[in-house]
Amino acid sequence: MSLTVCRAARVAYRAFNPATRSLSTGACLRTERNPAEGSRGFIVSTEEFRFVERLIPPSRIPTPPEHEGPAPSGWIPPSATLPSLPYMIRRSRMHNVPVYSDIKHGNQHSTLLRKIEGDIWALNKDVKEFLLGLTGKEPPTQVNEVTRTIRIKGQFDKELKEWLLKKGF
Amino acid sequence: MFRATLAICGRTVVKRFISSVSGESALPSNLRLPPNLIGVAPQKRASPCGSDLPVLRRCEADVPAHLAPAQMWLESLGSCDREPLGVVDLHPDVFSVPVRLDILHDVEVWQRNFKRISHAKVKSRAEVSGGGRKPWNQKGSGRARHGSIRSPLWRGGGVAHGPRGPTSYYYMLPMKVRVQGLKIALTAKLAQDYLHIVDSLEIPTPDPHYLLDLVKHRQWGDSVLIVDVGDEFPQNILKATEDLKTVNIIPAIGLNVHSMLKHESLVLTLEAVKFLEKKLLWHDVRYAPLYPFKLPYSDLP
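All residue numbers refer to positions counted from 1 along the written sequence of the respective chain. Starting at A for chains and at 1 for ligands, labels are handed out in the order in which the entities are written. Whole-chain, interface and lining totals are the exception, using all residues; otherwise, since this is a predicted model, local features are given only for residues with pLDDT of at least 70 and side-chain atom pairs are given and counted only at 80 or more. Side-chain numbers come from the whole structure's heavy atoms, not from hydrogens or water.

Novice: Kindly report on the overall build of chain B, identifying the contributing residues and their values.
Specialist: When helices and strands are tallied, chain B shows eight helices and nine strands. Pairs at least 24 residues apart make up 72% of the contacts formed inside chain B by residues separated by at least 6 positions. The method behind every accessible area is Shrake-Rupley, applied with a 1.4 Å probe, and residues are considered shielded solely by the protein chains displayed. Per element, the accessible surface of chain B, about 19400 Å² overall, is 57% carbon and sulfur. Here a strand is any run of E in DSSP of at least two residues, a helix any run of H or I of at least four, and the numbering for each starts at the N terminus. In this description, contact between two residues means that some pair of their heavy atoms is separated by no more than 4.5 Å.

Right, here's the structure in full:
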C-alpha cells in the first residue's frame, strides 16, 4: 500500500510540475507562440466561418429548372408562350396553379380560383361552360372583382387544375 | 313641403340636362367652389409612353411576360424649368397593382392605432377614498338602503364602467398586407399623376423659396414628400426642407402609407425606386419565415 501511494504521489507530482508534464496530461492546446499575436497564444481566424455560412438557409423560393413537358413528380411548367385569352392566371409563389378546394360546416363544398388578372367575367363564363360540359349542370359561382377570385359551388379542384394547365397557365 | 321637393328635384334635373348637353368639361353640379379661388387648374402633362426621350432606367427584376412596365418622366431638381431628362421604367408588380382601397384603409388605420396607448383611468368605487362603512342602518331610517358612500350611484362616488388604466391598442397586420398597402399607395400616386422621379436631390441653393417656387412652377401640389436612400443627404436640400412644413424629406426605409396619403405628391430618386422595388418584390418570392427575418438569412434583400 505504501508503494502504490508513493507511485500515485509521484505521478501526481509529475502531472502538476510544469517541467515534467507531458502534452497528454490535461494540458490545453497550444500553437506556436508567435510574438505578433500578443500574450494570448492563439491565432484568430475567420476563414472557418464558411462552414457556418453554408448552413444559413435561403429566404427566396428558387425558380424551377427548365423542363420540357411534365416533370417526374407530375408538375407541369407554365407554357412559354402566353395563352391569347382576355384573362391571365398567375402561378402561386410555389409555382402551382392557384385552385383550392374548401369545405365549410362539413357539407358545403366549394372551389376557389385565385390570382386572376384581366377580364374576370370572361373567365367566369368559360369556367361555367367547362363545368356544364363536365357535369351537365351549371354550378353557381361567385365572382369577387375586388379580390380577383371566383368561388364555385362544388369540389372541382382537380378538373379545374387540369383544364387550366391545358390552357397553358 | 311636397311642392318644395318637386321644385328642388326639377332644378337638379335641369342642371344635369344642361351639364350633359354642354360637354365633358362641365363641373359636377353638386361641387361648391369658393368664390375667391386663386390658382391655375393643373394642366395634364403628356404621358411618357409615346415620347422620343430615351428610357434611362430598366427594371432590374424580371417583369412578368403578360405585363408591361409602367413609365414615368425622369426630372431634375437643378433648375426650375428644366425639361425632363428621359423616361424611367417602373416594375408593374410594385407600381401597377390592383388598387384595393380596403387594404389601404386597413393599413392606414393600423398605422394610427398600433402605437396608441391611452392613459385614461378613473377611480372605481374601490379606489375612491372612503366609503368603507355602511352610511346608515339597513332598516328603520326611512332612507334608501346603501352600503357605501362611494358607490357609483352617489355623487362623488367611483365610476362603474370607466376607462381602466393604460390600454394598449397594439395589433399587427400580416407582413404581406402591409407590403401590399405600400404597393397600392405607390400605384395610386402614379395613377393620379402625383409621383415624380428625380435623378438626385442636389439643388443649387439652400433657400427654401427655391424649392417652393419649383413646386409651384411644376404644379406638383400643395405638399411634397421627398424620398431618398441612405444616411446622408446633400446639405442644401436638408437646410431647405428644415423649416418648411409642406415639403418634407425622409429616407426610403421610412416610407409609409400615412405619409404618402398626407402629402399630395411624392418625389422619389432613382436609387429610392431601385431600393423599393428590391424590397417590395422580395415579399412575392420569399418563403414563410423559418425564424424571424431580423436574424440572418443567406439572401435577404
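Novice: Tell me about the nonpolar core, and name the residues and values.
Specialist: Leu90(B), Phe95(B), Leu186(B), Val227(B), Leu255(B), Leu266(B) and Leu268(B) are the most contacted members of the largest nonpolar core, which has 38 residues in total. If we skip the residues at most four places from it in the chain, Leu186(B) touches Val94(B), Phe95(B), Leu255(B), Met260(B), Leu266(B), Leu268(B), Leu276(B) and Leu280(B). Grouped together as the second largest cluster of nonpolar side chains are 19 residues, Tyr87(A), Met88(A), Val99(A) and Ile150(A) included. We define a nonpolar core as any set of buried Ala, Val, Leu, Ile, Met, Phe, Trp, Tyr and Cys residues linked to one another through side-chain atoms lying within 4.5 Å. Burial here depends on accessible area, computed with a 1.4 Å probe over protein chains only, as a share of the maximum for the residue type. Under 20% is buried, over 50% is exposed, and the range in between is partly exposed.

Novice: Hey, could you go over helix α5 (residues 208-217) of chain B for me, with residue numbers and the actual values?
Specialist: Residue and element names in this part refer to chain B. Of all the positions in α5, only Tyr210, Leu211, Leu214 and Val215 are classed as buried. With its buried residues spanning 130 degrees around the axis, α5 presents them on a single face. Residues of α5 that are exposed and angled more than 90 degrees away from the buried face: His209 and Lys216. Turning to α5, the residues buried within the fold contact β7 (224-228), α6 (235-242) and β8 (247-251). Backbone geometry just downstream of α5 places Gln219 in the positive-phi region, at approximately 55 degrees. Arc definition: it is the arc formed by the directions from the helix axis to the C-beta atoms.

Novice: Mind laying out the interface of chain A and chain B, listing which residues take part and the relevant values?
Specialist: Taken together, the 15 residues of chain A in the interface contact 22 residues of chain B. Both sides together, the interface formed by chain A and chain B hides about 1700 Å², and carbon and sulfur atoms give 54% of it. Summed over both partners, the accessible surface that disappears when two parts come together, traced with a 1.4 Å probe, is what is meant by buried area. Summed over the three residues of chain A that lose the most area to chain B, namely Ser59(A), Arg60(A) and Arg93(A), the buried surface amounts to 39% of that side. Think of a polar contact as two N or O atoms within 3.5 Å of one another; within protein, one of them needs to be a possible hydrogen donor and the other a possible acceptor, and neighboring residues in sequence only count if both atoms come from side chains. Where chain A meets chain B, there are 10 residue pairs in polar contact (both at pLDDT 80 or more). Under the convention adopted here, Pro, Cys and the residues Ala, Val, Leu, Ile, Met, Phe, Trp and Tyr are nonpolar, Asp, Glu, Lys and Arg are charged, and Gly plus all remaining residues are polar. A class-by-class count of the residues in the side of chain A that touches chain B yields nine nonpolar, two polar and four charged.

Novice: If you had to explain the sheet that holds strand β2 (residues 70-75) of chain B to someone new, which residues and values would you point to?
Specialist: All names here are of chain B. Any two strands between which DSSP finds at least two bridges are classified as paired. The mixed open sheet is built from seven strands, whose spatial order is β1-β3-β2-β6-β9-β7-β8. Among the strands making up the open sheet, the edge pair consists of β1 (55-57) and β8. For this sheet, the mean angle separating the axes of adjacent strands, direction not counted, is 35 degrees. Relative to strand β9 (residues 265-269), helix α4 (residues 175-191) is tilted by about 105 degrees, and along the sheet it contacts β2, β3 (86-90), β6 (195-198) and β9. Only the contacting stretch of a helix is used when fitting its axis, a line to C-alpha atoms as for every element, and angles between N-to-C directions run 0 to 180 degrees.

Novice: Report on the sheet that holds strand β5 (residues 141-144) of chain A, specifying residues and quantitative values.
Specialist: All names here are of chain A. Spatially, β2-β3-β6-β5 is the arrangement adopted by the four strands of the open sheet, whose pairing is antiparallel. Each having just a single partner strand, β2 (99-104) and β5 make up the two edges of the open sheet. This sheet shows a mean twist of 20 degrees between the axes of neighbouring strands, independent of strand direction. Strand direction decides the pairing type here: β5 and strand β6 (residues 149-153), joined by four bridges, are antiparallel. From the neighbouring strand, Val143 faces β6, where its bridge partner is Ile150. Sheet strands in contact with helix α4 (residues 157-167) are β2, β3 (108-113) and β6, and its direction is about 165 degrees off that of β2.

Novice: Any details on the pairing of β9(B)? Residues and values, ideally.
Specialist: Each regular strand displays side chains that alternate between the two surfaces of the sheet. All names here are of chain B. Most of β9 is tucked away, with five of its five residues classed as buried. The alternating pattern of β9 places Ser265, Val267 and Thr269 and Leu266 and Leu268 on opposite faces, both of which are buried. Pairing analysis gives four bridges linking β6 to β9, with the strands arranged parallel. Bridge pairing links Leu195 to Leu266 in β9. Judged from the four bridges that link them, β7 and β9 form a sheet pairing that is parallel. The residue of β9 that forms the bridge with Ile226 is Val267.

Novice: Explain the state of the cysteines residue by residue, including any values.
Specialist: Cysteine sulfur atoms that pair up within 2.5 Å are treated as a disulfide. Per the counting criterion, the structure on display carries zero disulfides over all chains. Cys49(B) supplies the cysteine sulfur nearest to Cys59(B), a cysteine that is in no disulfide, at a spacing of 13 Å.

Novice: Describe the packing of aromatic side chains, naming the residues involved and giving the relevant values.
Specialist: Residues and elements named next belong to chain B. What counts as a ring pair is set by centres within 6.5 Å for rings of Phe, Tyr and Trp (its six-membered ring), and what kind of pair is set by the plane angle: stacked under 30 degrees, edge-to-face over 60, tilted for all other angles. Per the stated rule, a full pass over the model turns up eight aromatic pairs over all chains. On the numbers, 4.9 Å between centres and 75 degrees between planes, the contact of Trp282 with Phe293 is edge-to-face. With Trp282 in helix α8 (residues 270-282) and Phe293 in the segment after α8, the pair connects residues that are 11 residues apart, well separated along the chain. Each member of the pair, Trp282 together with Phe293, is buried. Ring centres 5.3 Å apart and planes at 45 degrees place the aromatic pair Phe293 and Tyr297 in the tilted group.

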